[in-house]
Amino acid sequence: MKRTLYLKFVLAYFIFAFFGFIIVATFTSSMTLEHMKRERADSLYKEALLVADSYAADLYNSEITLESVWRQIEAIGTFLDASIWIVNPSGLIVLDSSSPLEIENPTTIPNFSPTITGNSFYTTGNFFGMFDEEMISAFAPITSKYKVKGYVVIHASVENLHASCNSLLNISYITLAILFLLSLIILLFFTEMVYLPLRKITHATEQYAIGNFRYEFQLDSEDEIGYLAASLAYMASEVAKSEDNQKRLVANISHDFRSPLTSMRGYLEAMLDGTIPPEMHEKYIRVVLNETDRLTKLTNSLLTLNNLTTKGLILDRSIFDINQVIKNTAMSFEGTCRQKMISIDLVLTGDEMYVNADMVKIQQVLYNLVDNAIKFSHKNSSIKIETVEKSNKLLVSVKDNGIGIPKDSIRLIWNRFYKTDLSRGKDKKGTGLGLSITKEIIQSHNENINVISTEGVGTEFIFTLEKGGGGGSRPTQ
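All figures in this text were calculated on a predicted structure; none of them were measured in a lab.

**Details of the overall build of the protein**
Then, in step 1: Within the protein, the secondary structure is distributed over 10 helices and 12 strands.
Then, in step 2: Looking at the protein as a whole, 38% of its 477 residues qualify as buried.
Then, in step 3: In the protein, of all internal contacts separated by at least 6 residues, the share reaching a separation of at least 24 is 67%.
Then, in step 4: Carbon and sulfur atoms make up 56% of the accessible area of the protein, which amounts to about 28,000 Å² in all.

Below, the structure is given as structure tokens:
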């Protein structure tokens with residue numbers, strides 16, 4: 001991951017701040033000023049209507065003197081901070097609240113036209129050139145007997161509105177600055193809770209990519225990022241274990257292949273160069289054949305392991321007599337047992353006991369367990385194979401009186417390629433795959449296998465099988 005995510009986030013933050021300032025300085029400023037103009041014009045228009053309907057109307061109806069009206073509109077103009085004019089339809093200024101009352105030299109508005117406001121009730125500008133600055137001018141007609149006698153026009157400076165608008169904008173700027181400071185907290189939160197953990201995860205993945213699966217890192221987080229980190233660490237530990245297994249496999253297989261090959265090569269070279277006389281050839285050819293059997297067994301175990309790993313275990317279930325399978329398996333070890341003076345005792349439930357399982361693979365399980373028991377049994381000892389019914393299950397036990405398994409090794413014996421120190425001293429032919437394959441076969445049947453062992457006393461393996469109906473053999477799903 002390119003390390004630009006944080007820079008992008010910071011850049012986005014400052015872009016947001018810049019455009020926020022631009023918006024407040026332009027659009028917000030313009031809209032605020034326009035709103036204030038409308039509010040000011042509406043206020044002036046209402047006052048103009050009041051003046052038009054009272055003092056101005058009374059003036060045109062000759063009910064009040066010109067001087068009295070001027071004093072009234074002067075007071076109102078001072079209160080409104082505005083200039084109030086009474087203008088006749090020709091544009092003559094009859095009264096001006098901001099100027100002294102002057103009857104003999106009245107001022108005329110050039111090109112005066114009440115239509116300047118269009119569809120509105122006010123206008124902005126210099127009002128026909130009468131002012132040097134921009135003004136808001138609100139119109140209200142003076143009517144008498146349904147005729148327009150004149151107009152009340154109230155003028156207010158826009159400059160004052162600009163000052164008020166700037167005051168409001170200052171508040172907006174302060175609010176915007178506070179929002180940016182608060183959003184900085186989000187940036188800091190993102191840095192602490194997202195960016196830095198991602199940096200750690202990225203560094204860890206880089207270490208794993210170069211093969212350093214022992215690299216350890218920890219995130220104290222219970223969210224999705226913490227879960228991702230934990231999953232990544234777990235994945236790395238599993239890959240490291242797999243790597244260790246591969247190294248152990250290479251070491252074991254190299255040793256187990258090299259020993260028989262060296263022995264076979266030595267015997268064959270000795271027979272060729274005459275070191276072993278011809279009359280002894282048959283004996284040593286048999287030794288070579290035994291070594292080839294050993295290599296064949298190792299190769300078959302590796303092929304079984306490969307099928308379990310790459311394809312999963314495909315079962316060909318059927319109903320078969322487990323008692324007969326146990327008897328056949330025991331018979332296959334007759335020669336080996338005779339050599340070591342070991343007896344196999346069968347304690348079987350009933351003459352026939354049918355189970356639902358893959359017969360070939362259960363034969364392999366029994367072969368592995370009995371072969372293991374013989375390897376680690378003392379001379380002149382016995383091995384007991386027993387079956388016990390329990391509900392709809394059948395328990396099969398293989399028990400020896402051998403060297404036993406050390407307590408700290410019991411939980412490890414199911415691992416692929418694992419050999420205890422005792423097994424390495426007593427059994428030079430094992431690959432450490434038999435018990436692993438046995439467990440995977442039993443688990444593929446959705447059954448259980450357990451071990452009970454005491455060092456120096458013996459070991460008992462117990463596994464379960466599903467009972468089946470009697471009579472013949474039939475395939476099951």
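**So, the side chain of Thr-123**
Then, in step 1: Turning to its location among the elements, Thr-123 is positioned in strand 3 (residues 122-125).
Then, in step 2: On the basis of relative accessibility, which here comes to 14%, the residue Thr-123 falls in the buried class.
Then, in step 3: Not counting residues up to four positions away in its chain, the partners in contact with Thr-123 are Ile-116, Thr-117, Met-135, Ile-136, Ser-137 and Phe-139.

**Quick word on the packing of aromatic side chains**
Then, in step 1: Following the criterion strictly, the structure yields 14 aromatic pairs and no others.
Then, in step 2: Seen from their ring centres, Phe-112 and Phe-139 are 6.3 Å apart, and the 20° between their planes marks the pair as stacked. Here Phe-112, found in the loop between strand 2 (93-96) and strand 3, pairs with Phe-139, found in strand 4 (residues 135-144); they are 27 residues apart in sequence, far enough to count as distant.
Then, in step 3: With relative accessibility at 12%, the residue Phe-112 sits in the buried group.
Then, in step 4: Grouping aromatic residues by their ring pairs yields a cluster made of Trp-85, Phe-112, Phe-127, Phe-128, Phe-131, Phe-139 and Tyr-151.

**Description of the environment of Ser-237**
Then, in step 1: With respect to the helices, strands and loops of the structure, Ser-237 is situated in helix 4 (residues 224-272).
Then, in step 2: Note on Ser-237: relative accessible area 30%, which makes it partly exposed.
Then, in step 3: Each C-alpha atom, one on Ser-237 and one on Tyr-215, is 9.2 Å from the other, the two residues being 22 residues apart in sequence.

**A look at the sheet that holds strand 5 (residues 147-157)**
Backbone-to-backbone hydrogen bonds join strands into a sheet, with any given pair of strands oriented parallel or antiparallel.
Then, in step 1: Spatial ordering of the open sheet is given by 2-1-5-4-3, a layout of five strands whose pairing is antiparallel. Because the sheet does not close on itself, it has two edges, and the strands there are strand 2 and strand 3. This sheet shows a mean twist of 25° between the axes of neighbouring strands, independent of strand direction.
Then, in step 2: Relative to strand 5, strand 1 (residues 83-87) runs antiparallel, the two being bridged by five bridges. Considered in strand 5, the bridge of Ser-83 is made with His-155.
Then, in step 3: Of the strands in this sheet, strand 1, strand 2, strand 3, strand 4 and strand 5 are in contact with helix 1 (residues 5-60), which crosses strand 4 at around 30°.
Then, in step 4: Helix 2 (residues 66-80) contacts strand 1, strand 2 and strand 5 of the sheet and is inclined by roughly 55° relative to strand 2.

**Things to note about the packing of helix 1 against helix 3 (residues 158-209)**
Then, in step 1: Closest axis-to-axis distance for the helix 1/helix 3 pair is 9 Å, and the angle between their directions is 160°. Comparing the axis directions of helix 1 and helix 3 gives the class roughly antiparallel. The two elements helix 1 and helix 3 cross, and the hand of that crossing is right-handed.
Then, in step 2: The residue inventory of the contact of helix 1 with helix 3, partitioned by class, reads 26 nonpolar, nine polar and two charged.

The rules we used
- Residues take numbers from 1 onward in each chain, read along the sequence in its written order.
- With the structure being a predicted model, the display of local features is reserved for residues of pLDDT at least 70 and the display and counting of side-chain atom pairs for 80 or more, all residues being used for whole-chain, interface and lining totals.
- The side-chain numbers reported here are obtained from all heavy atoms of the structure, hydrogens and water having been left aside.
- Numbering of helices and strands runs from the N terminus; a helix is a DSSP stretch of H or I covering at least four residues, while a strand is a stretch of E covering at least two.
- Exposure is judged per residue with a 1.4 Å probe applied to protein chains only, and the accessible area is read against the type maximum: over 50% gives exposed, under 20% gives buried, and values in between give partly exposed.
- Here, two residues are considered to be in contact whenever any of their heavy atoms come within 4.5 Å of each other.
- All accessible areas in this document rest on Shrake-Rupley with a 1.4 Å probe, and a residue is counted as covered only by the protein chains that are shown.
- Each pair of aromatic rings taken from Phe, Tyr and Trp, with Trp reduced to its six-membered ring, is defined by centres within 6.5 Å and is described as stacked if the planes are under 30 degrees apart, edge-to-face if over 60, and tilted in the remaining cases.
- Two strands form a pair only when DSSP identifies at least two bridges running between them.
- Here, axes are lines fitted to C-alpha atoms. For helices the fit covers the stretch in contact, and angles between N-to-C directions go from 0 to 180 degrees.
- When describing relative orientation, an angle under 35 degrees is termed roughly parallel and one over 145 degrees roughly antiparallel, while 65 to 115 degrees is termed roughly perpendicular and anything else oblique.
- Here a crossing is called left-handed whenever its near helix is offset anticlockwise from the far helix by less than a right angle, and right-handed whenever the offset is clockwise.
- Ten residue types, Ala, Val, Leu, Ile, Met, Phe, Trp, Tyr, Cys and Pro, are classed as nonpolar, four, Asp, Glu, Lys and Arg, as charged, and the remainder, Gly among them, as polar.

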